[in-house]
Structures are given as C-alpha cells and as structure tokens.
Amino acid sequence: MTHPGKLVTITADITIAGGGLAGVCAAIAAARQGRTVSLIQNRPVLGGNSSSEIRVWTRGSTGGGNLFSEEMGILGELKLANQYKNPEGNPILWDEILLDAVYQEHAISLFLNTLVVDVAHQDGHIQSLTALEINSERRFQFLSPVYVDATGDGFIAASAGLSYVIGKECNGTYGEEHAPEQFDPTTQGCTILMTFIKRDRPVAFVPPSYAYPIEYIEKLLNNGGRMVSEKSNGCDFWWVEFGGQKDTINEIASITLELKRLTLGIYNYIKNSGKFDADTLELNWTGSLPGKRESRRFVTEYVLTETDILQNRTFNDVAFHGGWYLDFHPSEGIYSKADFCTQIPVDLYGIPLRCLFSSQRDNLLVCGRILGASHAAFASTRIMDTCALSGQAAGTAASVLVSDQLKTPDLLDKSVYARIQALLVEGDMLLPGYHQETISENIHVEASSVIDGLPGKECGALSCHRDCFLAIPTELAAVSSLFLDAKQEALLQVSYRYAALPSRNSKQGEWFHGMLELKQGRTSVDLARFSRKEDAYLLLVLHASHGVSIPLVNKDLVGVLCGLRDSATYHHPLLSIRSFVSYGPENLINGHSRPYNRAHIWLSGKEEQPTIRLNLEKSRSITAISLFFDCGLSEEMVSSRVADVDPHHNIQLRSGVSPNLVRDFDVYVRIGDEDVLVRRIRDNYQRHVMVRFECCDTASLLIRFLRTHGSEHTGVYAIRIH
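Note that the coordinates shown come from a computational prediction; the quantities given were computed from them, not determined experimentally.

Thresholds, definitions, all that
- Residues numbered from 1 in each chain as written.
- Predicted model: local features only at pLDDT ≥ 70, side-chain atom pairs only at ≥ 80, totals over all residues.
- Heavy atoms only, no water.
- Pairing = 2+ DSSP bridges.
- Helix = DSSP H or I, 4+ residues; strand = E, 2+ residues; numbered from the N terminus.
- Phe/Tyr/Trp six-rings, centres within 6.5 Å; stacked < 30°, edge-to-face > 60°.
- Buried < 20%, exposed > 50% of the residue type's maximum accessible area, 1.4 Å probe, protein only.
- Lys NZ or Arg CZ within 6 Å of the ring centre and 35° of its normal.
- Patch = residues over 30% accessible without salt bridge, like charges linked within 9 Å, V, L, I, M, F, W, Y side chains within 5 Å.
- Areas by Shrake-Rupley, 256 points an atom, 1.4 Å probe, with all protein chains shown as cover.
- Salt bridge = Lys/Arg side-chain N within 4 Å of Asp/Glu carboxyl O.
- Core = buried A, V, L, I, M, F, W, Y, C linked by side-chain atoms within 4.5 Å.
- Contact = heavy atoms within 4.5 Å.
- Axes fitted to C-alpha atoms, helices over the stretch in contact; angles between N-to-C directions.
- Parallel < 35°, antiparallel > 145°, perpendicular 65-115°, else oblique.
- Left-handed = near helix turned anticlockwise from the far one by under 90°.
- Nonpolar A, V, L, I, M, F, W, Y, C, P; charged D, E, K, R; others polar.

Q: I'd like a rundown of the sheet that holds strand β10 (residues 190-191), residues and numbers included.
A: In spatial order, the strands read β12-β10-β14; together these three strands make up an open sheet with antiparallel pairing. Pairing within the sheet leaves two strands with one partner each, and these edge strands are β12 (241-242) and β14 (291-292). As paired strands, β10 and β14 are joined by two bridges and run antiparallel to one another. Looking at β14, one finds that Thr191 is bridged to Gly291.

In structure tokens, the structure reads:
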C-alpha cells in the first residue's frame, strides 16, 4: 500500500542540492574521496543551463582569450568524453554524458525531479533538508554532516539565513571602477534559446496568438548588435534577454512568458517577414525554461571583486580559476538601446576557497553562480566552466570536512586548505599562484627520445594586417628565432609582456615596447632579446603592418601559438629552435601537469613506440600511476553546438578528439630482471588517466606509448606514482 506523502529519510556524508555543472562536479569530487553523496536535482536532467532543456554551451577562460587555459578537472573529463562520444555536440547526448558520469560513481545517490522545499537549521547549523519528488507523492528528509548549495538561486543558503545581495553594489562598497555610483537592484536577465533546421521543401509557420507580431519585433532589432538572419541558431540568440529589472526568482513565470513571446515573435519575423531566405526553415526546438544568469550572490568569508581580477591578486587558499571577460549585460536586455554586452578581457585569475563558505554557517558550502563575488566580478565568474570548477572545489572541501569531522570555519586553517589544494591538483585543477612541490622521492626519468626539430612543414602565412601575437615560454624564446616575411623594408612596432599564462587580448600587466627592422623578404628575429631569467610566458604583439606576415607550419609545437589578437583561430609559427632541452623528460616529475610559466611537457621524437622509464631510489609498493596527456588546452571544448556558428561568438570549435592525445599505451613494472606487463590501455580519450593494477614491489616502471590520435609526437605533462 502506497501512503501519500510518506516521509523517507535519506542519510549520506554530503547532501548537494542542484544538478547543474557545479553540483555534478561537486558530487563526483566528493564521491571520489570516498564520501557518500545525495545529489538532488529539481529537473529531469542534469546540466543546468547546459542541459538539453536550455542548451547554453559551456565556455570559460579559453573563450575569454586566455591561452593554454581550457578548464580540466572533472569538467575536463566530461568535455573530453563529449568530444569522443558526441563529436556533433548534440545537447541531448550531453545530458547522457553527465548522467552516465554520475551513475558511474556508486557512492552518489541521484534524486531527479526532486525539489527542496524546506531547510531545518539552528544556530548556524543545517540539520536537514526536506524535498518533494515532483512526479510522485514521495517526500524525502536528507540528513548529512555537510551540505552544498549548488541550486543557482541559493535556496538552501538563503533559507539558512546566509546573507546575500541581489543587484549591483555601488562603487564605494568595494572600490570598483565598473560599479554604479549608487546601489542598483537590477541584475542580468534570462534567455530562452531556439534552434532551426533547413528542410528540402517549404515549411509553413503560423505563430501562436501570444507571440509578438512582426512590427513589434522589428522595433527591437538592430539596436546594439541585436541582429538576426535565417542563419541565426541556438546560442546566437543569447541576447534575447529579459527579466533583469524584475525578480528573477519570484517572477520567473512572467519572465518565461515574455521570453516565449519574444523568441517565437523573432522566429515569425525571420520566417514570415519576407526579408529572409527562410521558406524551408523549420523551428525544431525552443526552450520552455529560461537560462537564468543572475539572482542571489552570497556574502561569503571573502567576496571576490573586480579589482582582484584586474590586478590579478594571488590568494594563499586559491581553489580554482576564472578567465572569462568581465561581461556586462544591460538589465533591460532586449529592450535596451545600448550594446547587448560590454566585454573587458582579463588575464587568468585565481579564486579563493573562502568564496565558497561563511564561518557563520558551520556545515554549508556554496558553489556555482551564487559564490561570493561582487556583481562586477560575477560578470566573469558566472560563466559555466568557472561554475563547474567551483563545484569540484566545494565537493573536495566538503569531503575533507566530513573525513576529519571539521566545520567550515576550519577551512581557514592553512593545514586544511593546503590539503584540499593538493587534492584539487591531483584531480587536474589549475590553481593560479599555487605550485605543488616537486616529488620529494628521488626519481630518475629516462626517455627513449626527445623532440629535436620543429614539427610540420611550411604551409602559408598569417598576414599582419591586424595586430598579431606570438605566445612562447621565455625559456624556449631564449634559444629560438621567429621568421617574418616583408614585401619591402619595414620598421615593425612591437609590444610585449610576461605572464604565467598569456592572454591574446587582455591589456592587463606591465607592457614593454620596441621596434623590429625587417628587410625585404625573410627576416629571422632572435627572440632571446625578449627573454628573461625568470620563467614566464612571453606574449609578443606585432602591431598591424601591411605587407608583413608570419610564415606558418602545419603541425603544432605544444606550448607555442600565434594568431590575430582579435581572433580565436590559432596557428603554428615557423621558428628556428637551437635547443629542445625544455621538452625533456624531467618535466614529468616537476610538479606541473600543464603549461604555466613554461610548457612543462615531455615531447618524444618521431619514433614508433616511445618509452619512459621511471627509476626509483629504492623499491616500494605501487598500486597505480596517473598520467596527464596533452589535449590541446587552447582549443575550446563546448558542450553543444549547431552546424553554423555566428562569427560574433569568436570561437574556433573543435570536432572530435585532439590528435595530440595518447590513445594506446602499456604499463610495465620491473620484477627481478624483467619488465612485467601490468596494464594495457586502449582507445583512451582522456587527458588525466589513472592506471590501477595489483600492488607491486618495484623500483622501476616502464610506459610504452603505442599510438596517439594522430600526432607524430607523444606528449605527456606528468606521471605520478601512487
């Protein structure tokens, strides 16, 4: 007999409310640390704004112009799985990638269509959550020592009395340049997207009565870049924005209706105004749920500010990174006459763990777009890739709180947050300003080969008719020359700067200036003049000069890129390199697993089966090794897409697995005088691979690399022994 409304008690180490990317990454992170997790999602699918219900693609630091900065960690695993299993970017299959990842973690209990309706709390401590399963009559009570709010609107944290802000702080609050003079209660608005397909026959469209008429829509368009065509599709309609001047939580129903009236009115305008080639165009999907940008932002132990981002402040407790533009949208949305957005490029920046909790609540963390940031800083941190990273940080922190029976104020202790940072780095997170110490154990690394020549052949040129850039580590620049072609003698103005990771279009940092004398024909520019003793990335900007070009090659040298400053399409410059010592095998144990100040990668020569041998000082028990491969960290990996992407997005979409990824390899351990095979890995498509095997006592391991996904050189950033 089923009893209506029966309350079922669910107990877990950690309860996470919210199944967007932040909540998913938090749940997986906590489960991998051995914690049991209840993951509650109020909708039938995971993914939040990236799900098939809303279909906003995932973007982040690389989309903001930061090179070698594509977000990895758990989000990276999800994106790489999507590249392999869903190369066309079908948003429905992205849902399944997320669901599959959660179901693979047996410590996670997933509750879809489950809405939290009550939060029991006392004296700064959450006691339980009560939730209703929407498509049944079941009610749940969730009990945990630690809770994570990843709900987007912050229902858990707000119900527990954590202070929050809705609106824009005045510039006197945090001293921010882009904050208003007085507090402004408005926010960024919401959007409903739609997608079209072309048929081989005419398709009629009769709009619903509630859709805005053509005349109404026509008055809204062509203001501030709000233009449409029959080629517009999917995320091209992100600027159909409304609700920023309303309560995006309590008035979401009326906001949704207005957005439906607008989107279907716009489709009707494209289809039936007679101004477009749209006879065969068919609307094949439109959202029923808005993608919400902003509601509450919580006042956490530390509130990140625009100044922190623009001054690239470092934090001792850095837990994840951001790098999307300071991306401001007018609160009037589509009804504004102003530009549909103002984007200010920024360098890669770190975000502290303190933005995810307040010591006023002893068992609660927040993550996603509700983390502690001013409105101006939120303009950057709200992007989904950054939200996902905050989830991994929150889930990892929650797992440490549970395992050590700690409270959130204990996260201020250096010994506690340092442990969390070590776990995050082990989980393939980039923490700007933080460096994990070099492996203390004496390990000698032997490589069968090291790259000894520039990959590829000359294949055309990049015209410098607009500002161009070269990004190269100073260590490599010291032994390299760049070739430039000029139709006639020229003085080429250059600017340059140094950073841990370069941004092609940010104006931050200290800049230097100079001139290059170019002869007619080809000139070799010795880059040693731009090098310096400290490790850093050199960003060399070649200012626009007609008749000047950079010769290109058709293969990449990992860690080096060139291109136009205002374009996300990158190229591989023709260089003369006198030494490739910086690509040696010692990179595998230097504590880095991706470019940061240097390329930090071992690249093999052109051999059929390159090998790496790790010789330990003495025999020890080993159960696993983890490897970090190259996967093209300057190429955006978005969750979903349409066939044609409007140029205003400035995105170079990747299709399928990076050719640089290692596909097949074998792992051996030395037993006596013999290398014994312990694991074969085939058809790998991940960057971070943990290889487990039966415990072996050994002082030597051998990894034989059999095949990449296309590259002639094997590239590995790090190998760690467990």
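Q: Kindly report on the packing of aromatic side chains, identifying the contributing residues and their values.
A: Counted under the stated rule, the structure contains 25 aromatic pairs. Ring geometry for Phe237 and Trp239: centres 6.4 Å apart, planes at 50°, overall tilted. What makes Phe237 buried here is its relative accessible area of 0%. Ring pairs connect the aromatic residues Phe196, Phe205, Phe237, Trp239 and Tyr267, which therefore count as one cluster. Above the plane of the ring of Trp285 lies Arg55, whose end atom (NZ or CZ) is 4.1 Å from the centre. One cation-aromatic arrangement involves Arg522 over Phe483; the distance from NZ or CZ to the ring centre is 6.0 Å.

Q: Describe a nonpolar patch on the surface, listing the residues and the values that go with them.
A: Among the surface-exposed residues, Leu115, Val117, Leu132 and Ile134 lie close enough to one another that they form a single nonpolar patch of about 320 Å² accessible area. You can see Val117 is positioned in strand β5 (residues 114-122).

Q: Give me the pattern of salt bridges: which residues, what numbers.
A: Taken as a whole, this structure holds 38 salt bridges when the rule is applied. The salt bridge involving Arg59 is made with Glu636; its shortest N-O contact spans 2.7 Å. Highlighted residues: Arg59 in the loop between β3 (37-40) and α2 (73-85) and Glu636 in the loop between β34 (611-629) and β35 (662-671), separated in sequence by 577 residues. Note on accessibility: Arg59 and Glu636 belong to one class, buried. For Glu712, the salt bridge identified is with Lys606, shortest N-O distance 3.4 Å.

Q: Go over the nonpolar core with me, naming the residues and quoting the values.
A: With 149 residues, the main nonpolar core has Leu365, Phe530, Leu542, Ile550, Tyr583, Phe665 and Phe705 as its most contacted residues. If sequence neighbours within four positions are ignored, Ile550 has contacts with Gly460, Ala461, Leu462, Cys464, Cys468, Leu482, Phe483, Leu484, Leu542, Cys562 and Pro573. If you look at the next biggest cluster of nonpolar residues, it comprises 35 residues, including Leu193, Phe196, Ile217 and Leu259.

Q: Explain the packing of α2 against helix α3 (residues 91-104) to me, using residue names and the numbers behind them.
A: A pair of packed helices is captured by two measures, namely the crossing angle of their axes and the spacing between those axes. Following both chains from N to C, one finds α2 and α3 inclined at 130°, their axes separated by 10 Å at the closest point. With respect to their mutual orientation, α2 and α3 come out oblique. Considering the relative orientation of α2 and α3, their crossing is right-handed. Judged by residue contacts, Leu78, Lys79, Ala81, Asn82 and Lys85 of α2 engage Trp94, Ile97, Leu98, Asp100 and Ala101 from α3. Here the contact of α2 with α3 is composed, by residue class, of six nonpolar, one polar and three charged.

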